[in-house]
Amino acid sequence: MNATTAEPVIDLEQERQEILKRYRRLLRAAKPLLKDNDAKLIKKAFNTSAEAHKNMRRRSGEPYIYHPLAVAQIAVEEIGLGTTSIVAALLHDVVEDTDMTIADIERLFGQKVARIIDGLTKISGIFEYGTSQQAENFRKMLLTLSDDVRVILIKLADRLHNMRTLDSMPRDKQLKIASETIYIYAPLAHRLGLYAIKSELEDLYLKHVEPEAYKDIARKLRETRLARDRFINRFIEPIEQDLAETGIKYIVKGRPKSIYSIWNKLNKSKKPFEEIYDLFAVRIILDIPSDEEKAACWRAYSIVTDHYKPNPDRLKDWISTPRTNGYESLHTTVMSKTGQWVEVQIRTERMNEIAEKGYAAHWKYKGNDTQTGAGIEAWISQVRDMLETATSNTDKKTAIEFVDDFRSNLYSEEVFVFTPKGDLKVLQRGATALDFAFDIHTQIGAHCMAAKVNNTLVPLSHVLQNGDQVEVITSNRQKPSEDWLRFVVTSKAKTKIKDLIKEDNRRYVTDGRDLVQKKLRVLRMEMTNEVINQLRAYFGSKTTDDFFYRVGKGHIDVQELKKFKAEKEARENRQNKLSTDNIQDGKTFEKELKKIHGERADADMLLIGEDMDKIDYTLAKCCNPISGDDVFGFVTINDGIKIHRVTCPNAVELMSNHGNRIIKAKWTSQKELAFLAGLRITGTDRVGLVNDVTRVISNELHINMRSVTIDSKDGIFEGIIKLYVNDTSHLETLMRKLERVQGVFEVVRFD
Ligand code: MN
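Right, let's walk through the structure included here. Given the structure is predicted, the values throughout are model-derived calculations rather than measurements.

Considerations on the overall build of the protein chain
Stage number 1. Helix and strand counts for the protein chain stand at 30 helices and 20 strands.
Stage number 2. Among the 751 residues that make up the protein chain, the fraction classed as buried is 45%.
Stage number 3. Taking the intrachain contacts of the protein chain between residues at least 6 apart in sequence as the baseline, contacts between residues at least 24 apart amount to 65%.
Stage number 4. Carbon and sulfur atoms make up 48% of the accessible area of the protein chain, which amounts to about 39200 Å² in all.

Written out as structure tokens, the structure is:
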């Protein structure tokens, strides 16, 4: 062991003093909130926790109790939580890391604290970034919100302290914890209105994940500080003079934006640091009684815009309509004398505290009890609403989808719109008329045809603006469509539309199944699983439900099932083909044929054409038999059945030497069906020409002539022949042959 890794000598007494010092600091911070027995309860929690963790140290080497103390301190000072939360924060790691159980906690501190600790224990543990296990844990965490929001708030305090002390962690853990933080905890803090915590979490993320970029921006902010301060002082000078005249107490702060937000801006704009002007916001904080707040803020706004021209698009009034997370402030962006846009935020002390600490700080001003305040109740119910939208169908959704959905809601800004009766609805920015309809009621959304925005008719996809008054027009005939998913933005609308479409699809599936069943009955086929699966494959559907759906929707015509049946039977016949491999003589073969043909006069006869599917046979090359020829079958040794013409040059040899291999065969009438064609033959008349022509036709190619008319005049021969041919190539062959007959000079076809 070398000197650098040697155990440091720990002065235990000094450490005990430090623990007590930190505990007293916590009590001091909590003091304004304490009532009756609260201090005793906190002391008991502190002692329990210190005892339980007494043999544990953090990775940094410090006593473990520093961590719960710090988390409790954050809960009080930075979030504004009260006694129950302090107790829970002090005890938050004991069940997970020590021998204490939830039952112990409940016995010592009651059910309320026990349930919070239980919630915290369930969502603890480090999870892999981007894995479903992690997402599952987040999901659990978010679901605990419906039990007690303090679970999340303490979890955030815990996370903040862990991020602040991330330095002592190994690199891989640092990255894991930092990624989780930026992925879910920072957005969550944002949604809960804890802006200070959110900014710090983001900055700490950057500091550990992109240390160079972080240091670079921090250094540049330091270097430009003097110039910035000078600029801000010049900027606020005229404002301060006027403000002083009003007699309102105020503070003006020129706050640089967070390193993380500057980093984002640099990445987005691709501009160098020097060219980014909105690095800071000027904040005017007024100290004013709550009933004069609004007027005072607008008065300050009026003073600011007396000196600087505001950008009319950048005025945000979150005083008249606070954001759902409780944020209140008046924002404007004005043009400075040096040509730079400057964001000015105007708010009161109370609003500022809510902005920094979140809604928890609100209770203080409402004079409500910290645990039962109406403000927190309203706020929790909003967060719960958001959760419920994200959690409906959780069984069908993967945990990752769930978290993504939730995150998209966390980041969204709001748009404020009104119902025809003037009720305020807060929707996600970018929300459409259809989102609005679904927000009112699922059935209104499902049947939404169009909407009137400020009395003008607009399509469903119309994006709503702040202050719009929206009236939904419904029709019973309207139905949700996939297309809607392209433009709705709220997860409530998305979820509902998907559900409704699924429901609708299920109806098509049922309809399709009924149609198929009926058709199969007509076709005398049984609706077995095998048949359904074959149908699915035949029509190229991935699932049987998809097949039924396509039938139900009319994409597949049930008439096509006929074709399916024909092909299925043909396929099955091929599979059942009589194998001639083991048959070596005609008698055995004829027996097999009889089995196939059943009771029939010519059951022992091979039917060329008809038996094709059942028996392997080919036409012999030596004599090329065609339909209508007198033929016989020959059972070869290795090559199945061969069909020869009776007049084949080999026929005599085959019949005399291998008589036992000969089988009877004939063309089926089907194959003899051919089409009628007409030929006009002209030539020079000569004796025997007619004979030669008819011989070619009937002898050479075995074509059936229906009629022949021959006219001869002045030595010119003209014949009109009507005959049956199987196809055009057949006809052409005949024509070529006829042309070669001596004396013929033209053969043409006519209809
Ligand atoms: Mn902890």
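What about the coordination of the manganese ion?
Stage number 1. Surrounding the manganese ion are the protein donor atoms His67 (NE2), His92 (NE2), Asp93 (OD) and Asp158 (OD), which sit 2.2 to 2.4 Å from the metal.
Stage number 2. Each donor residue of the manganese ion belongs to the same chain, and together they define the spacing H-x24-H-D-x64-D. Here histidine 67, found in helix α3 (residues 66-79), pairs with aspartate 93, found in the loop between α4 (83-90) and α5 (94-97); they are 26 residues apart in sequence, far enough to count as distant. Pair check on accessibility: histidine 67 and aspartate 93 agree, each one buried.

Topic: the packing of aromatic side chains
Working definition: an aromatic ring pair is given by the centre-to-centre distance plus the angle between the planes.
Stage number 1. Under the criterion given, the structure shown has 14 aromatic pairs.
Stage number 2. Here tryptophan 318 and tyrosine 327 contribute two aromatic rings whose centre-to-centre distance is 5.7 Å and whose plane-to-plane angle is 75 degrees, an arrangement assigned as edge-to-face.
Stage number 3. Classification of tryptophan 318 as buried rests on a relative accessible area of 12%.
Stage number 4. Taking relative accessible area as the criterion, tyrosine 327 reaches 7% and is therefore assigned buried.
Stage number 5. When the centroid spacing of 5.5 Å and the interplanar angle of 20 degrees are considered together, the rings of phenylalanine 539 and phenylalanine 547 count as stacked.
Stage number 6. An aromatic cluster is present here, built from Tyr538, Phe539, Phe547, Phe548 and Phe564 joined pairwise through their rings.

Observations concerning the sheet that holds strand β10 (residues 456-458)
Stage number 1. Across the sheet, three strands lie side by side as β10-β9-β11; this open sheet has antiparallel pairing. A single partner strand is all that each edge strand has here, and the edge strands are β10 and β11 (470-474). Looking at each pair of strands side by side, their axes are set apart by 30 degrees on average, direction ignored.
Stage number 2. Two strands pair when backbone bridges link them, and strand β9 (residues 448-453) and β11 are joined in this way by five bridges, in the antiparallel orientation. Across the sheet, the residue bridging to alanine 451 is valine 472, located in β11.

Focus: the sheet that holds strand β15 (residues 641-645)
Stage number 1. Taken together, the five strands give an open sheet; going across it, the order is β12-β16-β14-β15-β13, and neighbouring strands pair in mixed fashion. In the strand order of this sheet, the two ends are held by β12 (606-608) and β13 (617-619), each with one partner. Averaged over all neighbouring strand pairs, the angle between strand axes comes to 35 degrees, with direction disregarded.
Stage number 2. Taken together, the three bridges between β13 and β15 define a ladder with parallel strand orientation. Considered in β15, the bridge of tyrosine 617 is made with isoleucine 641.

A short note on the nonpolar core
The tendency in soluble globular proteins is for nonpolar side chains to be buried side by side.
Stage number 1. The biggest cluster of nonpolar side chains holds 98 residues, and the ones touching the most others in it are Ile105 and Ile346.
Stage number 2. Taken together, domain 1 (12-212) and domain 2 (217-375) each give at least three residues to this core, which thus spans both.
Stage number 3. Contact partners of isoleucine 346, with chain neighbours within four places excluded, come to Ile284, Leu286, Cys297, Ala300, Tyr301, Val304, Ile319, Ser329 and Leu330.

Re the packing of helix α1 (residues 12-30) against helix α2 (residues 38-52)
Stage number 1. Between α1 and α2, whose axes approach to 12 Å, the crossing angle comes to 150 degrees. Relative to α2, α1 is oriented roughly antiparallel. Taken as a pair, α1 and α2 cross one another with a handedness that is right-handed. Every residue of α2 that contacts α1 at Ile19, Leu20, Tyr23 and Leu27 is listed here: Ala39, Ile42, Lys43 and Phe46.
Stage number 2. Of the residues contributing to the contact of α1 with α2, the split by class is seven nonpolar, no polar and one charged.

Details of a nonpolar patch on the surface
Stage number 1. A cluster of nonpolar residues, Phe418, Leu424 and Val426, forms a patch on the protein surface that exposes about 200 Å² of accessible area.
Stage number 2. Here valine 426 lies in strand β8 (residues 424-428).
Stage number 3. Under the relative-accessibility criterion, valine 426 is labelled partly exposed at 31%.

What counts, and at which threshold
- Residues numbered from 1 in each chain as written.
- Predicted model: local features only at pLDDT ≥ 70, side-chain atom pairs only at ≥ 80, totals over all residues.
- Heavy atoms only, no water.
- Helix = DSSP H or I, 4+ residues; strand = E, 2+ residues; numbered from the N terminus.
- Buried < 20%, exposed > 50% of the residue type's maximum accessible area, 1.4 Å probe, protein only.
- Contact = heavy atoms within 4.5 Å.
- Areas by Shrake-Rupley, 256 points an atom, 1.4 Å probe, with all protein chains shown as cover.
- Donors = N, O, S within 2.8 Å, 3.2 Å for Na, K, Ca; no water.
- Phe/Tyr/Trp six-rings, centres within 6.5 Å; stacked < 30°, edge-to-face > 60°.
- Pairing = 2+ DSSP bridges.
- Axes fitted to C-alpha atoms, helices over the stretch in contact; angles between N-to-C directions.
- Core = buried A, V, L, I, M, F, W, Y, C linked by side-chain atoms within 4.5 Å.
- Domains from an automatic or database assignment.
- Parallel < 35°, antiparallel > 145°, perpendicular 65-115°, else oblique.
- Left-handed = near helix turned anticlockwise from the far one by under 90°.
- Nonpolar A, V, L, I, M, F, W, Y, C, P; charged D, E, K, R; others polar.
- Patch = residues over 30% accessible without salt bridge, like charges linked within 9 Å, V, L, I, M, F, W, Y side chains within 5 Å.
- Salt bridge = Lys/Arg side-chain N within 4 Å of Asp/Glu carboxyl O.

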